[in-house]
Number of protein chains: 2
Amino acid sequence: MLLCDIGNTSYHFLDGEKDYKKSVDSFNPITLTQKVYYISVNKKINQTLEPLQNWIDLAQYINKDSYYETMGIDRIFALQATDNAVVVDAGSAITVDVIKKGVFMGGFIYPGINAISKTYKDISPALDYPFNYEIDLNKLPKNSGDAISYGYLKILHSEVMSYKLPIILTGGDALRLQSLFEDYTIDEALIFKGMKNILIKL
Amino acid sequence: MLLCDIGNTSYHFLDGEKDYKKSVDSFNPITLTQKVYYISVNKKINQTLEPLQNWIDLAQYINKDSYYETMGIDRIFALQATDNAVVVDAGSAITVDVIKKGVFMGGFIYPGINAISKTYKDISPALDYPFNYEIDLNKLPKNSGDAISYGYLKILHSEVMSYKLPIILTGGDALRLQSLFEDYTIDEALIFKGMKNILIKL
């Protein structure tokens with residue numbers, strides 16, 4: 001069974017245990033003849049895939065009423081993998097979604113690590129510090145580097161902790177955020193897990 | 001008595017009750033012959049002012065050990081105006097500083113409203129929403145605009161509230177933040193007030 005999570009820059013495939021990526025610029029989906037179950041946030045590729053019989057969009061099997069109209073399908077599928085958790089998906093943006101006893105409670109969007117580093121630097125060269133992920137979150141900072149780290153990391157931490165639910169970190173920057181939390185799970189394959197959970201129900 | 005708070009773009013004067021600004025590009029400080037008490041975050045202008053006898057840098061009268069080395073002198077002077085408060089100075093960056101019974105507890109730096117709006121937009125055009133300052137901060141969002149507003153505003157709000165101290169809003173964007181808080185003071189002249197408090201002690 002071939003699964004595919006399509007983003008703005010790549011097709012991310014899972015073939016059994018093995019995952020690999022293909023660039024959206026060079027990969028031609030017509031070259032695949034086997035069945036592919038996919039989700040996609042890429043509107044252009046959605047149009048390419050629609051006439052292809054062997055590419056099956058799993059988004060159609062989701063009850064979208066439980067979510068909201070403009071919510072990314074990747075966020076929705078990550079939530080299919082769990083019933084009770086705060087899902088922190090750290091990529092170009094950090095999405096934080098809360099699911100409690102199987103019900104989506106809502107979520108918010110925080111700027112990603114690279115984006116916010118650029119933001120501080122653009123405001124002033126005097127704010128161009130790398131984040132200190134080992135910062136003591138229980139103490140107000142007294143130096144510029146920590147003042148920025150705290151501004152970005154501490155208040156994300158406080159909000160995530162406030163839900164008192166298991167924390168799942170996923171996305172490309174999950175490893176960079178892990179030092180903020182004591183108890184958490186890192187699950188890079190959360191979306192694929194969600195896709196499998198939907199497939200089982202078909 | 002003439003006070004002046006010098007930033008990166010302007011000289012901000014207070015003459016008695018009247019305040020006005022002059023651009024750093026066009027104003028020549030030599031043209032003033034009366035005594036001016038100033039603070040400045042502008043390194044280039046500091047050099048220009050140093051030989052001028054009538055321009056008196058109030059920074060020299062601060063005990064800097066109570067603060068930290070790279071802390072902006074404007075933040076330090078805002079704190080001279082109060083003994084017990086969270087000072088939220090909302091400009092190109094938002095600095096949040098805590099002073100308790102006259103002792104500086106530390107502070108952090110959060111991106112300013114304009115900077116973060118640009119950040120979300122740069123991450124993806126799908127995140128280009130105006131902030132909703134009337135958002136219900138007690139409820140997790142279920143639409144994209146609120147998801148972004150919450151990501152930026154709610155967690156700033158939670159952190160500021162957590163200190164359980166009077167809240168003082170200052171800086172150019174103070175008015176835009178006021179709907180987040182129930183009890184607060186807006187004080188646009190906080191830095192001048194701090195300067196006066198130092199002058200009284202001389």
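Analysis parameters
Residues numbered from 1 in each chain as written. Chains lettered and ligands numbered in written order. Predicted model: local features only at pLDDT ≥ 70, side-chain atom pairs only at ≥ 80, totals over all residues. Heavy atoms only, no water. Least-squares fit on C-alpha atoms with pLDDT ≥ 70 in both. Contact = heavy atoms within 4.5 Å. Pairing = 2+ DSSP bridges. Helix = DSSP H or I, 4+ residues; strand = E, 2+ residues; numbered from the N terminus. Axes fitted to C-alpha atoms, helices over the stretch in contact; angles between N-to-C directions. Polar contact = N/O pair within 3.5 Å; in protein donor to acceptor, adjacent residues only side chain to side chain. Salt bridge = Lys/Arg side-chain N within 4 Å of Asp/Glu carboxyl O. Domains from an automatic or database assignment. Buried area = accessible area lost by both parts, 1.4 Å probe. Nonpolar A, V, L, I, M, F, W, Y, C, P; charged D, E, K, R; others polar.

Draft legend 1. Fine view of the relation of the copies chain B and chain A. With an RMSD of 0.0 Å, chain B superimposes on chain A once it is rotated by 180° and translated 0.0 Å along the axis. The transformation relating the two chain copies, once decomposed into turn and shift, fits a two-fold axis. If distances are taken from each C-alpha of chain B to the rotation axis, the shortest is found for Ile155 of chain B, at 2.8 Å. The overlap is high: 100% of the interface residues of chain B also sit at the interface in chain A, so the same surface is used on both sides.

Draft legend 2. Local environment of the sheet that holds strand E6 (residues 85-90) of chain A. Pairing within the open sheet is mixed, and its 5 strands lie in the order E8-E7-E6-E9-E10 (chain A). A single partner strand is all that each edge strand has here, and the edge strands are strand E8 (103-111) and strand E10 (185-186) of chain A. Where strand E9 (residues 167-170) of chain A and E10 of chain A come together, 2 bridges link them in parallel fashion. When the sheet's bridge partners are listed, Ile168 of chain A is paired in E10 of chain A with Thr185 of chain A. In the packing of helix H3 (residues 113-123) of chain B onto the sheet, the strands contacted are strand E7 (93-100) and E8 of chain A, and the crossing angle to E8 of chain A comes to about 110°.

Draft legend 3. Examining the environment of Asp122 of chain B more closely. Residues and elements named next belong to chain B. By secondary structure assignment, the location of Asp122 is in helix H3. Residues Asp122 and Ile30 lie 92 residues apart in sequence; the distance between their C-alpha atoms is 43 Å. There is a polar contact of 2.8 Å between the side chain of Asp122 and the side chain of Lys118.

Draft legend 4. Layout of the pattern of salt bridges. All names here are of chain A. One pass over the full model with this rule turns up 10 salt bridges over all chains. The partner of Asp97 in a salt bridge is Arg75, with the nearest N and O atoms 2.6 Å apart. Of the two residues, Asp97 sits in strand E7 while Arg75 sits in helix H2 (residues 73-79), which places them 22 residues apart along the sequence.

Draft legend 5. Looking closely at the pairing of strand E3 (residues 18-23) of chain A. Residues and elements named next belong to chain A. Sheet analysis places strand E2 (residues 10-15) next to E3, joined by 6 bridges and oriented antiparallel. Counted as the bridge partner of Asp15 is Lys18 from E3. Between E2 and E3, which pair antiparallel one after the other, the connecting turn spans 2 residues, and Gly16 there sits at a positive phi close to 65°.

Draft legend 6. Region of the structure containing the side chain of Ser40 of chain B. Note that Ser40 of chain B resides in strand E4 (residues 36-40). One polar contact links the side chain of Ser40 of chain B to the main-chain amide nitrogen of Asn42 of chain B, over a distance of 3.0 Å.

Draft legend 7. Region of interest: the sheet that holds strand E1 (residues 2-6) of chain B. All names here are of chain B. Reading across from one edge, E3-E2-E1-E4-E5 is the order of the 5 strands in this open sheet, with mixed pairing throughout. The open sheet is flanked by strand E3 (18-23) and strand E5 (55-57), the only strands paired with a single partner. Between one strand axis and the next, the sheet turns by 25° as a mean value, whatever way the strands run. With 5 bridges connecting them, E1 and strand E2 (residues 10-15) associate as antiparallel partners.

Draft legend 8. Spatial organisation of the domain arrangement of chain A. All names here are of chain A. By the assigned domains, chain A splits into domain 1 (1-81 + 190-202) and domain 2 (83-186). One C-alpha centre belongs to domain 1, the other to domain 2, and the line joining them spans 26 Å. Taken together, the contacts link 8 residues of domain 1 with 10 residues of domain 2. Between domain 1 and domain 2 the total buried area reaches about 830 Å² when both faces are included, carbon and sulfur atoms providing 68% of it. For the domain 1 face of the interface with domain 2, the top three residues by lost area are Arg75, Leu79 and Leu190, together amounting to 67%. Across the domain 1-domain 2 interface, the total number found is 1 salt bridge. The element contributing the most residues to the side of domain 1 that touches domain 2 is H2, with 3 residues. Residues belonging to the side of domain 1 that touches domain 2 are distributed by class as follows: 6 nonpolar, 1 polar and 1 charged.

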